[in-house]
Amino acid sequence: HVSGDAVLTEVGRRLSAAVRPNDFVGRIGGDEFIVVTFGPTTEDDRVSLGRRIIESSELPYGDADNLFALSASVGVAAFDDGLDAAGITPLEAIRCADSAVYAAKQRGRARVEVYDAELQQRIVRDAEVEMSLRQAVRNDELVLDLQPVFDLNQQRFIAVEALVRWDRPGVGRVPPGLFIPIAERSSLIHEIGRWVLMQSCEVLAHWAQFPALSHLRIAGNIAGSHLVDGGLLDDIDAAIAQTGADPRRLAVELTETQLMHDIDRATAVLRQVRERGVTVAIDDFGTGYSSMAYLRELPIDALKIDRSFVASLSDGGIDSTVVDALLTIGHGLGRTVIGEGVETQEQLESLRHRGCDYVQGIHLARPLSLSHVQALLLDHARDQMLSLDGSAS
Ligand code: C2E
Ligand code: MG
Ligand code: MG
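Notes on the structure in this doc start here. All values reported here derive from a predicted model rather than from experimental measurement.

Cut-offs and rules
Residues numbered from 1 in each chain as written. Chains lettered and ligands numbered in written order. Predicted model: local features only at pLDDT ≥ 70, side-chain atom pairs only at ≥ 80, totals over all residues. Heavy atoms only, no water. Near = heavy atom within 4 Å. Polar contact = N/O pair within 3.5 Å; in protein donor to acceptor, adjacent residues only side chain to side chain. Areas by Shrake-Rupley, 256 points an atom, 1.4 Å probe, with all protein chains shown as cover. Helix = DSSP H or I, 4+ residues; strand = E, 2+ residues; numbered from the N terminus. Phe/Tyr/Trp six-rings, centres within 6.5 Å; stacked < 30°, edge-to-face > 60°. Buried < 20%, exposed > 50% of the residue type's maximum accessible area, 1.4 Å probe, protein only. Lys NZ or Arg CZ within 6 Å of the ring centre and 35° of its normal. Expected span 1.5 Å × (residues − 1). Arc of directions from axis to C-beta. Contact = heavy atoms within 4.5 Å.

Turning next to the site of ligand 1. The environment of ligand 1 is formed by 21 residues, the closest being Arg165, Asp283, Arg307, Glu343 and Ile362. Within the side chain of Asn221, a nitrogen or oxygen atom sits 2.9 Å from an oxygen atom of ligand 1. For ligand 1, whose accessible area on its own is 800 Å², the fraction buried by protein is 80%. Listing elements by their share of the shell around ligand 1, those giving two or more residues are β8 (156-168), α7 (188-207) and β12 (279-285).

With the rule as written, the count across this model stands at three aromatic pairs. Arranged with centres 6.4 Å apart and planes meeting at 25°, the rings of Tyr61 and Phe68 form a pair that is stacked. In this structure Tyr61 comes out as buried when scored by relative accessible area, which is 2%. We classify Phe68 as partly exposed; its relative accessible area is 31%. Relative to Phe179, the ring of Trp166 lies with its centre 5.6 Å away and its plane at 75°, an arrangement referred to as edge-to-face. On the criterion of sequence distance, the pair formed by Trp166 in strand β8 and Phe179 in the loop between β9 (172-174) and α6 (180-183) is long-range, its members being 13 residues apart. Its relative accessible area of 1% is what places Trp166 among the buried residues. It is Arg14 that lies over the ring of Tyr61; its NZ or CZ is 3.9 Å from the centre.

With 17 residues, helix α1 (residues 2-18) extends 25 Å between its outermost C-alpha atoms, agreeing within 8% with the 24 Å of an ideal straight helix rising 1.5 Å per residue. Val7, Val11, Gly12, Arg14, Leu15 and Ala18 are the residues of α1 that are buried. Take α1 and look down its axis: the buried residues cluster within an arc of 165°, on one side only. Facing away from the buried side of α1, by more than 90 degrees, are the exposed residues Val2, Arg13 and Ala17. Among the structural elements, β1 (24-29), β2 (32-36), α2 (43-58), β3 (61-63) and β4 (66-68) are those in contact with the buried residues of α1.

In structure tokens form, the structure reads like this:
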């Protein structure tokens, strides 16, 4: 508490130094400060004041023996003709700035966000989505599409990736990009993850009865916060126990950025995930920032090369260098490498030629409903049997 108080005092001092003598600086909550400036300013002035505040907050705190750093996010709300003219109370004005801070934090660390009509609309829209999404999980409005993953060595489908969609009443089918980021702001994403694990394990238990399907894995996408503090292990255990699925057929995918966020905790939990026989893949590999030092230690089985790099394979030339590098890293670390977003035969051949292990993308199969994916996988298995018979005779 003593050092916390010292830091708060120091932040207050730095804020006062960053503004003009007539401006007002105060602390309004635990780690929240407010700056009120008077007189005409332009938006540029306000944003650069925000930046100055961030820069001064980021200078180190403490003494030589005990140095540490903080980051700050700034939200700006401006009322050029005064609060009365805007018809709002001081408390409402603070709430506007607070919304802008919230939006700034959503976009990452150390940002300045300005409150305007667009931000206001976005906040209302996102709140609406979040509220109906909470209902959606309970009302069975979520559905899983499954996209097959092809093993280039064995020449057969080896897995499917579970991709969530939302059949929103009155709206239609909503893709995950429009609601997963909103769910990720709260524990709602853990509920969705739990649901995905349960559904996936039910499918696994069903497929275990079919010789042509029983070798398949199902990979679910899991948010970093679910891994770090959302009870992922309990959710995996519950899904396995309730369905009787074989944990070795279950896989989870996490993006590198989410893993790196709290690498120590992620490593500890992933180790326990793998102890259960569940496999782990890093998704969208190459787009975030992985520390190479950590990558070696991370308990993972596979890397999925992001589709932006796979797309660049079509043009040949220099862009294939990145894919080659990612394959070298993955294989050098003894991991399986999966190419995502394969859309053309050319990309497929290029990945095969480079020694990629698995491929996934619309060129092979798009994400399909359970019944469609089953039909496709059974057809494929039968074709393969026939061609094996043919070559034997
Ligand atoms: P992701 O895990 O990298 O999933 C792959 C995305 O690429 C999917 O988009 C898939 O439909 C799309 N895709 C597959 N083949 C192709 C192709 O050949 N070309 C192109 N351009 N795209 C292809 P989708 O289903 O819209 O999912 C987007 C992202 O949403 C996923 O990226 C994943 O990060 C997230 N997501 C999906 N389902 C879940 C979930 O259940 N939980 C969580 N936490 N995130 C999910
Ligand atoms: Mg994925
Ligand atoms: Mg991906």
